[in-house]
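# An overview of the molecular structure
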Amino acid sequence: MTPSPDPKPLQYSALQLAWLHELGIDKPWLPGDTRAVPRVDTPAVPSVAQNAEAAVVIKNEVQSQTTAAAPTISPGRAATRGAASKPQQAAAPMSAASVAAMTALTAAAAAAAPDLGALAHAAAACQACGLCRQRDQVVMGQGVTQPAILVIGDGPGEQDDRKGLPFMAESGALLDQMLATIGSARTRDVYLTNLVKCRPPGNRLALREEIAACQSYLVRQLELLRPFSILALGRVVAQTLLNTDEPLQDLRGRIHEIDIAGQKIPLVVSYHSGYLLNHPADKAAAWQDLQLLRTLRR
Ligand code: URA
């Protein structure tokens, strides 16, 4: 087929454009047609969007809070996440193209969500990564809007998946206690959420591609929630949000900032409460992190 001598501008919907660019296609595929696929304006995305790419594939945050040591399953996290509630299905891997296409769809749906309810509705239908195959429920978050503190963990555990709420097990109970020491609570001035909204099976942390596939939901949550400050729990979360490979120890003890829709939000890094269950000696350092967070009080 020969392209017409005076081609009209290519007509694509925003969704088609998002798909094409996500698939790396910026030229039409007809031989001889040299027109470029026009770029689509994607919503401004804070650093978390780039960071998912930089996040290391880590299967155990607990063992690797302070170092990049080889991951192992932590008793603390295992206690939180427990054994699988249903048999693990052998999931056929999705092709890179379908992951990219689904991620583009996810991003479009999340960016278009006018409120948290609509965002949760979009996420309930999400199939952007393999985690959808074994979830009981999508766990979006819990707490108040415009929170004084937005706490970000790594991903739901077994009980969270069953109840549809974050931090429902032991590490959540400890987190609640920690927040109480600075007069905060998920019922009062806190919102709790995670990097990924579906439970990674077998007590593992989310893979880089799962974090990337889910990032649009976190980005939109941040835009809609408008938190006053952020508490990043553990190395993977901190490195992802801050787009860095710096070790947790170097990220703790100072106030970072991330850009949410043009607004700078202060962010403090601390140990994951799941890690602290097994390393109580580090609770004192976590308490200092919370004091730092407290200095940001509005
Ligand atoms: N439950 C969550 O919701 N997040 C975590 O990081 C751990 C347990």
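Here we summarise the structure given alongside this text.

So, how was this worked out
- Residues numbered from 1 in each chain as written.
- Predicted model: local features only at pLDDT ≥ 70, side-chain atom pairs only at ≥ 80, totals over all residues.
- Heavy atoms only, no water.
- Phe/Tyr/Trp six-rings, centres within 6.5 Å; stacked < 30°, edge-to-face > 60°.
- Near = heavy atom within 4 Å.
- Polar contact = N/O pair within 3.5 Å; in protein donor to acceptor, adjacent residues only side chain to side chain.
- Areas by Shrake-Rupley, 256 points an atom, 1.4 Å probe, with all protein chains shown as cover.
- Nonpolar A, V, L, I, M, F, W, Y, C, P; charged D, E, K, R; others polar.
- Axes fitted to C-alpha atoms, helices over the stretch in contact; angles between N-to-C directions.
- Helix = DSSP H or I, 4+ residues; strand = E, 2+ residues; numbered from the N terminus.
- Parallel < 35°, antiparallel > 145°, perpendicular 65-115°, else oblique.
- Contact = heavy atoms within 4.5 Å.
- Pairing = 2+ DSSP bridges.
- Buried < 20%, exposed > 50% of the residue type's maximum accessible area, 1.4 Å probe, protein only.
- Arc of directions from axis to C-beta.
- Salt bridge = Lys/Arg side-chain N within 4 Å of Asp/Glu carboxyl O.

### What about the packing of aromatic side chains?
How two aromatic rings sit relative to each other is set out by the distance from centre to centre and by the angle between their planes. One pass over the structure, following the stated rule, counts 1 aromatic pair. Centroid distance tyrosine 271 to tyrosine 275: 5.0 Å. Interplanar angle 15°. Geometry classified as stacked.

### Considerations on the site of the ligand
Taken together, 12 residues surround the ligand, and among them Asp154, Asp160, Phe167, Asn194 and His272 come closest. A distance of 2.7 Å is found between a nitrogen atom of the ligand and a side-chain nitrogen or oxygen belonging to asparagine 194. A distance of 2.7 Å separates an oxygen atom of the ligand from a polar side-chain atom of histidine 272. Bound to the protein, the ligand loses 100% of the 240 Å² it would expose on its own. Of the residues in the shell around the ligand, the class split is 3 nonpolar, 6 polar and 3 charged.

### Regarding the packing of helix α4 (residues 96-112) against helix α8 (residues 208-225)
In contact at an axis separation of 9 Å, α4 and α8 are set at 5° when each is read in the N-to-C sense. Between α4 and α8, the angle is such that the two are roughly parallel. Residues Thr103, Thr106, Ala107, Ala110 and Ala111 of α4 pack against Ala212, Ala213, Ser216, Tyr217 and Arg220 of α8. Looking at the contact of α4 with α8 residue by residue, the class counts come to 6 nonpolar, 3 polar and 1 charged.

### Examining the sheet that holds strand β1 (residues 142-143)
Read from one edge of the open sheet, 6 strands run β1-β3-β2-β4-β6-β5, paired in mixed fashion. Edge positions in the sheet fall to β1 and β5 (256-260), since each of these pairs with one other strand and no more. Relative to strand β4 (residues 230-233), strand β2 (residues 149-153) runs parallel, the two being bridged by 3 bridges. Bridged to leucine 150 within β4 is isoleucine 230.

### Examining unusual backbone geometry
With the exception of glycine, most residues fall at negative phi, and the peptide bonds are largely trans. Backbone geometry places glutamine 146, a non-glycine residue, at a positive phi of 45°. Counting through the fold element by element, glutamine 146 comes out in the loop between β1 and β2. By relative accessible area, glutamine 146 is classed as exposed at 53%. Its identity is not glycine, yet phenylalanine 167 carries a phi of approximately 50°, on the positive side. Considering the arrangement of structural elements, one finds phenylalanine 167 in the loop between α6 (158-163) and α7 (170-180).

### Things to note about α7
Ser171, Gly172, Leu174, Leu175, Met178 and Leu179 are the residues of α7 that are buried. Taken down its axis, α7 places every buried residue within 160° of arc, on the same side.

### Description of the pairing of β2
By the criterion of burial, β2 is predominantly enclosed, with 5 of the 5 residues buried. Neither face of β2 is open: one carries Ile149, Val151 and Gly153, the other Leu150 and Ile152, and all of them are buried. In this sheet, strand β3 (residues 190-194) lies alongside β2 in parallel orientation, the contact comprising 5 bridges. The residue bridging leucine 150 from the neighbouring strand is tyrosine 191, located in β3.

### Considerations on helix α5 (residues 116-124)
Among all positions in α5, only Leu119, Ala122 and Ala123 are buried. Looking straight down α5, one finds its buried side chains confined to an arc of 100°; they lie on one side. Tucked inside the fold, the buried residues of α5 contact α4 and α8. Between the side-chain oxygen of the N-cap and the backbone nitrogen of glycine 117 there are 3.2 Å, and the N-cap of α5 in question is aspartate 115.

### Comments concerning the pattern of salt bridges
By the definition in use, this model includes 7 salt bridges. Note that arginine 220 is salt-bridged to glutamate 223, the shortest N-O span being 2.7 Å. Here the residue arginine 220 and the residue glutamate 223 both occupy positions in helix α8, the gap between them amounting to 3 residues, near one helical turn. By relative accessible area, which is 16% here, glutamate 223 ends up buried. In this structure, aspartate 289 and arginine 252 form a salt bridge, with 2.8 Å as the shortest nitrogen-oxygen distance. Of this pair, aspartate 289 sits in helix α12 (residues 283-294) while arginine 252 sits in the loop between α10 (248-251) and β5, placing them 37 residues apart in sequence. Take aspartate 289 and arginine 252: they sit in the same class, and that class is buried.

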